[in-house]
Amino acid sequence: MLKEILIMGKIGILIELKDGKIKKSNFGVITLARRQESERYALILNGNAAACKEQLQQYGIEKIIDLTSSEGPVKWNPVKWSRAIIAAMDHFDITSLCGLTSGRGRDILPRVAAYLDAPLVMDCVDLNLKDRTVKKSQFSGKTIATIKVSGNHFIFGIRPNAIDAKPDPCEAAVIPFQADFASEGLEVKQLKQQAHGGIDLTEADIIISGGRGMENPENFEILFECARVIGAAVGASRVAVDAGWVPHTMQVGQTGATVSPKVYIACGISGSVQHFAGMKTSGLIIAVNTDPEASITKNCDYYIVEDLFKIVPILTRHLKLVVDENQLT
Amino acid sequence: MKIYVCVKHVPDSAATIAIKGTNQIDESVTFLLNPYDEHAVEEGVRLKAQAEGSEVVAVAVGKEAAINTLQSVLAMGADRAILVKTDDPPDSILAARALKAAIEQDGKPDIIFTGKESIDSEGMQTMFRLAAALDMPVATNVVALSIDRNNALVESELEAGVRQSLEMQLPCIIAAGKGLNKPKYPTFIDIRKAKKKETKQIDLDSLPIEKSAASMEILELKPAVEQRQPTELKGPPEEAVLQLIEVLKNEAKVL
């Protein structure tokens, strides 16, 4: 058993925060890391390690590396963050690194892999460290590939919400680690929050999306209103984005975001292959479409053949009742 | 400016993918230029128009059939193309080394464009490996770019609703996201002109490439099977919605 653990090496989990809080999807990654039965370390670079301890120890993290620079938290710069992570991996003898295949993950994990000349698989839905294999989608989500990795370090980006988070309480210790790095020709000038705001598509439990059937940008307000009642995120198909009705950041699909919420409600979306590529691993797919023959009705869990402009307001009304009822009990 | 664009010949996302053997696909489907690479090519061609005396060179690593994709890139406005030929699809580690060798053999890049990911392998990493190999800064998911003397000022979408503004010293690598530009479709004349432009073919084995100790190998490809059994929620709108609420409460357990 000990020999197996030594062969598998230690595993680091890069924890991602938003507004000082641990993004929910991290707990699925931790759950996946726990299955590997390797010694685990959580890595935090935002200066919130002590504040995160409570939550992290709920999910079986015993060691938290608090990565800082000599000036305090490492200011966001993907190059500096990647170098700091590598220094910590080197110091603590961590051979595998897991993180989210999120926007930040896509900016950090490949840099770490490139600097280490290590194999990297992004958007994994399963991992077996002992066999050195992972599973991920390929060919626009039409196939699942089993990939074997070889090398001295192993880097994995996990698809957000692909793994259900399971608690496993323990006690954690915070270990400080300080390192300073140059920015190597890449400076971060500014981080800008766009007006659209709303909930991150990759963090949401429920997504309501609109497509061609929405007809114009103003109509998306009915989806936003519905979403607000239950804290859902609002997405869109490529048609709506290309028509200029909503920003590209709302697009779900092959050339947009890949999401895996518990519930995906598609309103006025026909269900092209490219759209499915972005949401096919959702828990439940629900379609509202006036066309009973739309592709999406063949590949969903539940569908309503009706005008979304009738259904969505009724849905919003009923959801408000449920929420009010829940607040009373 | 010496502008290189790294492109990939990939199956059309609308194509039906059939698995051949344990880990290959049936390649008799339509192949085309990777969608994100369209934005990379377009940006390279636009940059060329702004900087007199510039040249856009397209580079691809792949089978001989990739010549077709390189032709479409030439039709979009690239000046020359290079195909690093191999019948064995390389992993990202090898692909990056091949691109580096081909580019260095050809000239001194001022800027390199790529797409942010390919829709077949969905690896999201080749540009980072190329950047590390060439010792250049790199940014991904770039949706805005301006060149200011020796610096590239880019905007890259970092996460939901958050854009980062970055400044990188040239030479650098820009991985294009959707939204960087609107690619122009070539005219018939562009396509004709493209046939006269030079495409050089180099065998991967002939390039000075050191093999890495690291690799990623596809052991198996399986179809992602759709297992959903659709159920229609029938009745007048009010009734259908009530059934949906029950599903959300009892099955999805999100309420």
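Residues numbered from 1 in each chain as written. Chains lettered and ligands numbered in written order. Predicted model: local features only at pLDDT ≥ 70, side-chain atom pairs only at ≥ 80, totals over all residues.

**Q** Help me out: how do you make sense of the overall build of chain A in this one?
**A** Helix and strand counts for chain A come out as 10 helices and 18 strands. With respect to the principal axes defined by its C-alpha atoms, chain A has extents near 60 × 50 × 40 Å. Put simply, chain A has 329 residues, and 55% of those count as buried. For chain A, the share of sequence-separated contacts (at least 6 apart) that also reach a separation of at least 24 residues comes to 67%. (Helix = DSSP H or I, 4+ residues; strand = E, 2+ residues; numbered from the N terminus. Buried ≥ 20, exposed ≤ 12 C-beta atoms within 10 Å, placed from the backbone. Contact = placed C-beta atoms within 7 Å.)

**Q** Just to check I follow, could you spell out the sheet that holds strand S15 (residues 233–236) of chain A for this structure?
**A** The strand order across the open sheet formed by 6 strands is S15(A)-S14(A)-S16(A)-S17(A)-S18(A)-S15(B), and the pairing between neighbours is parallel. Looking at strand neighbours, the two that pair on one side only are S15 of chain A together with strand S15 (231–232) of chain B, the edges of this open sheet. Across 4 bridges, strand S17 (residues 284–289) of chain A lies against strand S18 (residues 302–305) of chain A in parallel orientation. Across the sheet, residue Val288(A) finds its bridge partner in S18(A), namely Ile304(A). Packing of helix H6 (residues 220–230) of chain A onto the sheet brings it into contact with strand S14 (206–210), S15 and strand S16 (263–267) of chain A, and relative to S14(A) it is tilted by some 175 degrees. (Pairing = 2+ DSSP bridges. Axes fitted to C-alpha atoms, helices over the stretch in contact; angles between N-to-C directions.)

**Q** I keep staring at unusual backbone geometry and nothing clicks. Help me out?
**A** Glycine aside, the phi torsion of most residues is negative, and most peptide linkages are trans. Looking along the chain, the bond that leaves Leu170(B) and enters Pro171(B) is cis, with omega of -5 degrees. Mapped onto the elements of the fold, Pro171(B) is located in the loop between strand S11 (162–169) and strand S12 (172–176). One non-glycine residue, Asp93(A), lies in positive phi territory at about 60 degrees. Mapping Asp93(A) onto the fold places it in the loop between helix H4 (78–92) and strand S7 (94–100). Overall, the presence of 10 C-beta atoms within 10 Å leaves Asp93(A) in the exposed class. The backbone of Asp123(A) shows a phi angle near 65 degrees, a positive value even though the residue is not glycine. Within the fold, Asp123(A) resides in strand S8 (residues 120–128).

**Q** What's the story with the domain arrangement of chain A in this structure? I'm lost.
**A** One widely used convention gives an interface's size as the accessible area the parts lose upon coming together. Residue and element names in this part refer to chain A. Segmenting chain A into domains produces domain 1 (2–178) and domain 2 (206–328). Relative placement of domain 1 and domain 2: their C-alpha centres are 31 Å apart. Across the contact, 7 residues belong to domain 1 and 10 residues belong to domain 2. Each residue belonging to the side of domain 1 that touches domain 2 can be placed in one class, and the counts come to 2 nonpolar, 3 polar and 2 charged. (Domains from an automatic or database assignment. Nonpolar A, V, L, I, M, F, W, Y, C, P; charged D, E, K, R; others polar.)

**Q** Just checking my understanding: could you explain the pairing of S15(A) for this structure?
**A** Within a regular strand, side chains alternate between the sheet's two faces. Residues and elements named next belong to chain A. Covered by surrounding structure in S15 are Ala 233 and Gly 235 together with Val 234 and Ala 236, the residues of both alternating faces. Pairing analysis gives 4 bridges linking S14 to S15, with the strands arranged parallel. Across the sheet, residue Gly 210 finds its bridge partner in S15, namely Ala 236.

**Q** Just checking my understanding: could you explain the interface of chain A and chain B for this structure?
**A** Taken together, the contact between chain A and chain B spans 80 residues of the former and 67 residues of the latter. Looking at the side of chain A that touches chain B, its residues break down into 34 nonpolar, 27 polar and 19 charged. Where S18(A) meets S15(B), 2 bridges bridge the pair, whose relative direction is parallel. Directly across from Tyr303(A), in S15(B), lies its bridge partner Glu232(B).

**Q** Would you mind going over the sheet that holds strand S8 (residues 111–115) of chain B with me for this structure?
**A** Each strand in a sheet pairs with another by means of backbone hydrogen bonds, the pair being arranged parallel or else antiparallel. What the 10 strands build is an open sheet, ordered S13(A)-S11(B)-S10(B)-S9(B)-S12(B)-S8(B)-S1(B)-S6(B)-S7(B)-S13(B); its pairing is mixed. Across the chains shown, the open sheet's two edge strands, defined by having one partner strand only, are strand S13 (186–193) of chain A together with strand S13 (199–203) of chain B. If you compare each strand with its neighbour and ignore which way they point, the axes differ by 25 degrees on average. Lying over the sheet, helix H3 (residues 92–106) of chain B contacts strand S1 (2–7), strand S6 (55–62), strand S7 (80–85) and S13 of chain B, oriented at roughly 145 degrees with respect to S6(B).

**Q** Teacher, can you tell me more about the nonpolar core here?
**A** Side chains that are nonpolar tend, in soluble globular proteins, to be buried together. The biggest cluster of nonpolar side chains holds 126 residues, and the ones touching the most others in it are Leu43(A), Val5(B), Ala58(B), Ala78(B) and Ile174(B). At 9 residues, H3(B) tops the list of elements feeding residues into this core. Apart from residues lying up to four places away in sequence, Ala78(B) is in contact with Val5(B), Val41(B), Val45(B), Val56(B), Val57(B), Ala58(B) and Val73(B). Membership of the second largest hydrophobic core comes to 56 residues, among which are Ile207(A), Cys267(A), Ile296(A) and Val241(B). (Core = buried A, V, L, I, M, F, W, Y, C linked by C-beta atoms within 7 Å.)

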